[in-house]
Amino acid sequence: MPKLPASLHVLRRRDFRLLFVGQSVSVLGDRMVAVALAFAVLQIGGSPSAVGIVLAARIFPSAGCALVGGAVADRVSRRAVMVGADLVRVASQGTMAALLIGGVAQVWTLALLAGVGGAASGFFGPASIGLIPEVVPPEELQPANGLRSSGSSAGEILGPLLAGLLVAGAGAGWAIAADAGTFAVSAVCLLMLRLPRRVGAASGSFLADLREGWAVFSSRTWVWACVAYFAIANLFWGAWSALGPVVADRDLGGAAAWGTILAAVGVGALLGSAVATQVRPARPLVFVALSEALFALPLGFLAATSLVPLLVLAALLSGVGLMLGMSVWESTLQRQVPADSLSRVSSYDWFGSFLFYPVGLAIWGPLSAAIGIHTALWLAFGLFIASILTLLAVPAVRRLPWTPAVAAEPPRSAAA
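So, here's what we can say about the structure. (Residues numbered from 1 in each chain as written. Predicted model: local features only at pLDDT ≥ 70, side-chain atom pairs only at ≥ 80, totals over all residues. Heavy atoms only, no water.)

### What to know about the pattern of salt bridges
Counted under the stated rule, the structure contains six salt bridges. The salt bridge involving Arg-13 is made with Glu-140; its shortest N-O contact spans 2.7 Å. With a gap of 127 residues between them, Arg-13 in the segment before helix 1 (14–43) and Glu-140 in the loop between helix 4 (107–135) and helix 5 (141–169) connect regions that are remote in the sequence. In this structure Arg-13 comes out as partly exposed when scored by relative accessible area, which is 34%. Its relative accessible area of 16% is what places Glu-140 among the buried residues. Two residues, Glu-212 and Arg-344, come together in a salt bridge whose shortest N-O distance is 3.8 Å. Of the two residues, Glu-212 sits in helix 7 (residues 206–218) while Arg-344 sits in helix 12 (residues 342–371), which places them 132 residues apart along the sequence. In terms of burial, Glu-212 and Arg-344 fall into one category: buried. (Salt bridge = Lys/Arg side-chain N within 4 Å of Asp/Glu carboxyl O. Helix = DSSP H or I, 4+ residues; strand = E, 2+ residues; numbered from the N terminus. Buried < 20%, exposed > 50% of the residue type's maximum accessible area, 1.4 Å probe, protein only.)

### Overview of the nonpolar core
For soluble globular proteins, nonpolar side chains are generally found buried alongside one another. Counting residues in hydrophobic clusters, the biggest one holds 58 residues, and the most contacted among them are Trp-222, Leu-299, Trp-329, Leu-377 and Phe-384. Looking at this core, the elements that each hand over two or more residues are helix 7, helix 8 (221–252), helix 9 (255–276), helix 10 (284–304), helix 11 (308–336), helix 12 and helix 13 (373–392). The element best represented in this core is helix 8, accounting for 17 residues. Those residues in contact with Phe-384 that sit more than four places away from it in its chain are Tyr-229, Ala-233, Phe-236, Trp-237, Glu-292, Phe-295, Ala-296 and Leu-299. (Core = buried A, V, L, I, M, F, W, Y, C linked by side-chain atoms within 4.5 Å. Contact = heavy atoms within 4.5 Å.)

### Section: helix 3 (residues 78–102)
Taking 1.5 Å per residue, 25 residues should reach 36 Å; helix 3 reaches 36 Å between its end C-alpha atoms and fits that length. Listed as buried for helix 3 are Arg-78, Val-81, Met-82, Val-83, Ala-85, Asp-86, Arg-89, Ser-92, Gln-93, Met-96, Ala-97 and Leu-100. The residue sitting at the N-terminus of helix 3 and contributing the capping side-chain oxygen is Ser-77; that oxygen lies 3.3 Å from the backbone nitrogen of Arg-79. In the segment just after helix 3, Gly-103 is the residue with positive phi, at about 75°. (Expected span 1.5 Å × (residues − 1). Polar contact = N/O pair within 3.5 Å; in protein donor to acceptor, adjacent residues only side chain to side chain.)

Okay, structure coming up:
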């Protein structure tokens, strides 16, 4: 094999390559369906409100299933959970595509099938975080997560583009059929992994597993402080997604300008994920918080200016900060949290993110009607920055080192 840079040595590992390819293709499909599903609803005569209902039906089951999915993934084989989730998504997206291509889809069927796929994603996500340490050694976790972020970033850019081309050229049903195919590719890659034998934590009851996961989560101040921050930050970021298109339509020149700004987020994310393969901050959570400050920039810029080039720059920096922070955060969890509890702990992160983001989408529209769009954007930006400063005020966040400290694990529950 040709000589690779040190940050890419993890690609020499066959199992990581399979996992990387499978998840990159899966993310590509996820980003396709986000576009295709909205146009599918409109294609069958649905209203804008129906579009919102169907998209929400995809998000909320993910939040509801994340905590359960994390407990299941720690209890049994993480690969089995991920393969099962992929197969469910193949079935749900394939059925949706067949109904659309056959001309018999209705809004309620799309919402139902979107919910099934969203629930499967709630199981897949926490299991995927826990599977990485089974594939690569601790010293390669950061490059591995940086490369995974690169695959996600490429999907952020290419997914909407491919979906738009397929919707315009063949119809939304065929775009969703392609999405179903990406989950099939992911399942095949997972089945080809050669993993060491792992004994799941199946000795206690399922409720005992949930209680034990909560004990591990709540005993680590840095974990729950960061997860609480991510949930709140998603609430504020909803202002960008909900109000940005309105500002673009009124002040920036319309959809083309907004599409350019969003594409800049994807380009920045790709750049950030490339840098993330090489970073090794002495205080990883301080690094995450500072990266989040970059992520917040577009809210302030959107409130302050209508110059598209400046907004493109802010969006690009936001994408860089997003991927840098996310990859370092995931690597920190994987190094610092016991392997047999990792999926349960990460499931709280998924739960907060999925639950609070749609809430943010719902509240900023009515709030902007009451106080004005630009005032609402300034408020969201100010609260975002205040939440970052609050996170940095937590000593456990500031002091957490890159390398785990040698210390006794917190006592496990009696049931476990």
